[in-house]
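Each chain, letter by letter, is given below.
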Amino acid sequence: MMEKILLGEMKTGPSQQEFLGILNVRSPKLFVEHENLYKRLVAGEMGEQEVLRYFMDYGEPHWRYIRNYWANSNGVAESDLIVFTDTSCYVMEVKNYTGKFDYMDGATTIDGYEYSSDCIFQSRRSHKNIRKILSEHIHSANIHGALIFIGEHNEVSIRSQVDDIKIVQRNQLRNFIRKIAADERSSPYDSLRIDQIQRQLNKFQVANPFVIAPLTADQMRFVKTGIRCAHCNSLGTQISRKFVTCPCGHTELRDAATLRTIEEYQVLRYDAKLHCSNLYHYMGRLNSKRYIYTVLSAHYTMVKKGKYTYYV
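## Considerations on the sheet that holds strand 9 (residues 166–169)
Across the sheet, five strands lie side by side as 1-2-3-7-9; this open sheet has mixed pairing. A single partner strand is all that each edge strand has here, and the edge strands are strand 1 (64–72) and strand 9. Taking the axes of each pair of neighbouring strands and ignoring which way they run, one obtains an average angle of 35° across the sheet. Across four bridges, strand 2 (residues 76–84) lies against strand 3 (residues 89–95) in antiparallel orientation.

Encoded structure:
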């Protein structure tokens, strides 16, 4: 699947979901204020993955995809999923809601509770932005917008006229994709120049502006130490010469578990220099400093500043 993804996410720091996923395990005290955000992020990611799976199952093998594309074109906006066929571009907003979604005149409720966000507006804005960015490379009639409601238990009621983007519910998604394929086969237009399109998109791509501030040294006091089990997230793992084992039965190579834990620390403190002594404490002193130095030297570049050494 990855060879079909044209652009990766440009980052200035870790994603919110990545950051909060680690914080959830390591520090419930610091995580609690972000719990609702984390649930929304997880649901959104699951929804986008599900839509992408539908396209892989029912779309054509030569189609190409972009996920989570942030662009600055008269303002910063995100496109959840962009699909390129041989002749057209489809810009999609994906929502993974549960319950009854009701929309009228810009007002949104789900099971009677009012939402502050307007996903119809978001979808329209994303569609217009991509249409503007790619206007010299794709005919405007071949750049389509769609809002996908992928939630399995989501009833959708749109009580305002929406005719500039396509509204697609989960039970309509397969036929929607097959219609895209049929339109491609009957299209009179020449094939897209994907290389030119990617260069154009690169010009406007910006980093996700929604990042969580890294933890401070003081906040790190509330973070549990140890090496997290990659299977069950337990911090009760034990180390032998070659392996890290968990009471749940999962076993991982010691080198891999150590490197993964270093990367975790980097997510939580992505603005801080990487020092062996900090990692030694973060791992609950399960690894010796000498062993941590060995792993760092194999995967990072050592920087010496006088008597201080850190890694990048």
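## Section: the sheet that holds strand 6 (residues 113–115)
Sheet architecture is open: four strands sit in the order 6-5-4-8, paired in mixed fashion. Unpaired on one side and paired on the other, strand 6 and strand 8 (154–158) mark the two borders of the sheet. Averaged over all pairs of adjacent strands, the angle between their axes in this sheet comes to 25°, without regard to strand direction. Relative to strand 5 (residues 107–110), strand 4 (residues 99–104) is paired through four bridges, and the arrangement is antiparallel. Following the sheet pairing, F101 is matched in strand 5 by I110.

## Quick look at helix 4 (residues 119–133)
For helix 4, built from 15 residues, the straight-helix expectation of 21 Å at 1.5 Å per residue is met to within 8% by its first-to-last C-alpha distance of 21 Å. Residues C119, I120, S123, S126, H127, N129, I130 and I133 constitute the buried set of helix 4. Sitting at the head of helix 4, D118 places a side-chain oxygen 3.1 Å from the backbone nitrogen of I120.

## Things to note about unusual backbone geometry
Despite not being glycine, N68 has its phi angle at roughly 50°, a positive value. With respect to the helices and strands, N68 occurs in strand 1. On the basis of relative accessibility, which here comes to 15%, the residue N68 falls in the buried class. Although it is not a glycine, D111 adopts a positive phi angle of roughly 50°. Counting through the fold element by element, D111 comes out in the loop between strand 5 and strand 6.

## A word on the pattern of salt bridges
Taken as a whole and assessed by the stated rule, the structure comprises 17 salt bridges. Notably, a salt bridge pairs D102 with R159, separated by 2.8 Å at the nearest N-O pair. Pair noted here: D102 is in strand 4 and R159 is in the loop between strand 8 and strand 9, with a separation of 57 residues, a long-range link. A relative accessible area of 48% places R159 in the partly exposed class. For the salt bridge of K179 with D183, the shortest nitrogen-to-oxygen distance reads 3.0 Å. With K179 and D183 both in helix 5 (residues 173–186), this residue pair falls four residues apart, about one helical turn. Here the residues in one salt-bridge network are R26, R228, E252, R260 and E264, joined through shared partners.

Each value, and the rule that gives it
- Every chain is numbered on its own, with residues counted from 1 as its sequence reads.
- In keeping with the model being predicted, local features are shown solely for residues with a pLDDT of at least 70 and side-chain atom pairs are shown and tallied solely at 80 or more, while totals for entire chains, interfaces and linings include all residues.
- Working from all heavy atoms in the structure, the side-chain values ignore hydrogens and water.
- By the convention used here, strands pair only if DSSP detects at least 2 bridges between them.
- What counts as a helix is a DSSP run of H or I of at least four residues, what counts as a strand is a run of E of at least two, and both are numbered from the N terminus.
- Here an angle of 0 to 180 degrees is reported between the N-to-C directions of two axes, which are lines fitted to C-alpha atoms, with helices fitted over the stretch in contact.
- Given a helix with a known number of residues, its expected span is that number minus one, times 1.5 Å.
- The buried label applies to any residue whose accessible area, calculated with a 1.4 Å probe on protein chains only, is under 20% of its type's maximum; exposed applies above 50%, and partly exposed to all values in between.
- Under this definition, polar contacts are N or O atom pairs within 3.5 Å; protein pairs additionally need one hydrogen-donor-capable and one acceptor-capable atom, and for neighbouring residues in sequence, both atoms have to be side-chain atoms.
- The working definition used for a salt bridge is a side-chain nitrogen of Lys or Arg within 4 Å of a carboxyl oxygen of Asp or Glu.

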